[in-house]
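# Examining the three-dimensional arrangement
Next come the chains, spelled out residue by residue.
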Amino acid sequence: MIDPAGRRAFILANTRLQAPPHTPELRLHLADEVTPIWRMTEDELGAIGLPPPFWAFAWAGGQALARYILDHPGEVAGQAVLDFATGSGIVAIAAARAGAASVLAADIDPFCAAATALNAEANGVRIDFTDADLLDAAPPGADLILAADICYEQPLADRVMAWLAAARAAGGARVLIGDPGRSYFPRSGLVQLAEYRVPTTRELEDSEVKRTAVWTIP
């Protein structure tokens, strides 16, 4: 298994530092194409059939949620923030830039630890990271839980949405979700806070501009 230093080197070698189109204030180490880095990741790990390297792209839901946070810093200022399924770390970085007291990024993909660290460095912020599967336990204590692009598969969507609802009900954490209208996203029981037209690519989505919303659990 590739070690942390190797993952960091792999990301630096196969991405470039660039600004996501909907959050030009931020800089992330991103890949330009899906298929080449997907294949290289599989080769590096010696495993075929892996999911796409989510850490290598700024997905529409993450861009929208990051945009909302940057435009509404009062949502995160002084808060203990958890960014669930952080991927590249774009949402966590936006929270840190907007004045969060602390930010914990969580993802079970070990490459995300390296990607989030590199991207945090590029933006001059501090992000803590955990690779624990948070869905296996009660939601951790946090003032605000952020989640984006989590509903691309139905079993995962059902599990995550139930976990987020439990966090809201039990601990009172505010929950913000970024979603570009994925099939398994349950709009019922949620309140829409904002909608954006997020530039993306047909390699990642079904159109070059995605209508993407930010939602909360009341």
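Since the structure is predicted, the reported quantities are computational estimates derived from the model, not experimental observations.

In this structure the tally under the stated criterion is nine salt bridges. Two residues, Arg67 and Glu25, come together in a salt bridge whose shortest N-O distance is 2.5 Å. With a gap of 42 residues between them, Arg67 in helix 3 (residues 60–71) and Glu25 in the loop between strand 1 (16–18) and strand 2 (28–30) connect regions that are remote in the sequence. Residue Arg67 is classed as buried on the basis of its relative accessible area of 11%. Here Glu25 falls in the partly exposed class, since its relative accessible area comes to 34%. Between Asp149 and Arg182 there is a salt bridge whose closest N-O contact spans 3.2 Å. Of this pair, Asp149 sits in the loop between strand 6 (144–148) and helix 6 (154–171) while Arg182 sits in the loop between strand 7 (174–179) and strand 8 (191–199), placing them 33 residues apart in sequence. Asp149 sits in the buried class, given a relative accessible area of 13%. Given a relative accessible area of 16%, Arg182 falls into the buried group.

Once that is clear, we can look at the sheet that holds strand 3 (residues 80–84). Read from one edge of the open sheet, seven strands run 5-4-3-6-7-9-8, paired in mixed fashion. Each edge of the open sheet is held by one strand with a lone partner, namely strand 5 (128–130) and strand 8. This sheet shows a mean twist of 20° between the axes of neighbouring strands, independent of strand direction. Sheet strands touched by helix 6: strand 3, strand 6 and strand 7. Its angle to strand 7, the strand with the most contacts, is close to 155°.

Further remarks concern the packing of aromatic side chains. One pass over the structure, following the stated rule, counts eight aromatic pairs. Here Phe54 and Trp59 contribute two aromatic rings whose centre-to-centre distance is 5.3 Å and whose plane-to-plane angle is 50°, an arrangement assigned as tilted. Classification of Phe54 by relative accessible area gives partly exposed; the value is 24%. Assessed through its relative accessible area of 14%, Trp59 is described here as buried. Ring centres 6.2 Å apart and planes at 80° place the aromatic pair Phe57 and Trp59 in the edge-to-face group. For Phe57, a relative accessible area of 6% gives the class buried. Counting every residue linked through ring pairs, the aromatic cluster contains Phe54, Phe57, Trp59 and Tyr152.

Our focus in this paragraph is the nonpolar core. Judged by nonpolar contacts, the single largest core of 35 residues is most densely connected at Leu65, Ile69, Val76, Val81, Val103, Ile127 and Leu146. When contributions to this core are tallied by element, the ones reaching two or more residues are strand 2, helix 3, helix 4 (90–97), strand 4 (102–106), strand 6 and strand 8. Counting 24 residues, the second-largest nonpolar core is a separate cluster that includes Met161, Leu164, Ala173 and Ala213.

Locating Asp107 in the fold gives a position in the loop between strand 4 and helix 5 (110–123). The buried charged residue Asp107 lacks any salt bridge partner; its closest oppositely charged side chain belongs to Arg7, at an N-O distance of 11 Å. Side-chain polar atoms of Asp107 contact the backbone nitrogen of Gly87, separated by 3.0 Å. The residues contacting Asp107, other than those within four sequence positions of it, are Ala85, Thr86, Gly87, Cys112, Phe129, Thr130 and Asp131.

Along the chain, Trp59 falls in the loop between helix 2 (34–45) and helix 3. Each C-alpha atom, one on Trp59 and one on Ala148, is 8.5 Å from the other, the two residues being 89 residues apart in sequence. Here the side chain of Trp59 touches Phe54 through a polar contact of 3.1 Å, landing on its backbone oxygen.

About the cut-offs
Residues numbered from 1 in each chain as written. Predicted model: local features only at pLDDT ≥ 70, side-chain atom pairs only at ≥ 80, totals over all residues. Heavy atoms only, no water. Salt bridge = Lys/Arg side-chain N within 4 Å of Asp/Glu carboxyl O. Helix = DSSP H or I, 4+ residues; strand = E, 2+ residues; numbered from the N terminus. Buried < 20%, exposed > 50% of the residue type's maximum accessible area, 1.4 Å probe, protein only. Pairing = 2+ DSSP bridges. Axes fitted to C-alpha atoms, helices over the stretch in contact; angles between N-to-C directions. Contact = heavy atoms within 4.5 Å. Phe/Tyr/Trp six-rings, centres within 6.5 Å; stacked < 30°, edge-to-face > 60°. Core = buried A, V, L, I, M, F, W, Y, C linked by side-chain atoms within 4.5 Å. Lys, Arg positive; Asp, Glu negative; His and termini not counted. Polar contact = N/O pair within 3.5 Å; in protein donor to acceptor, adjacent residues only side chain to side chain.

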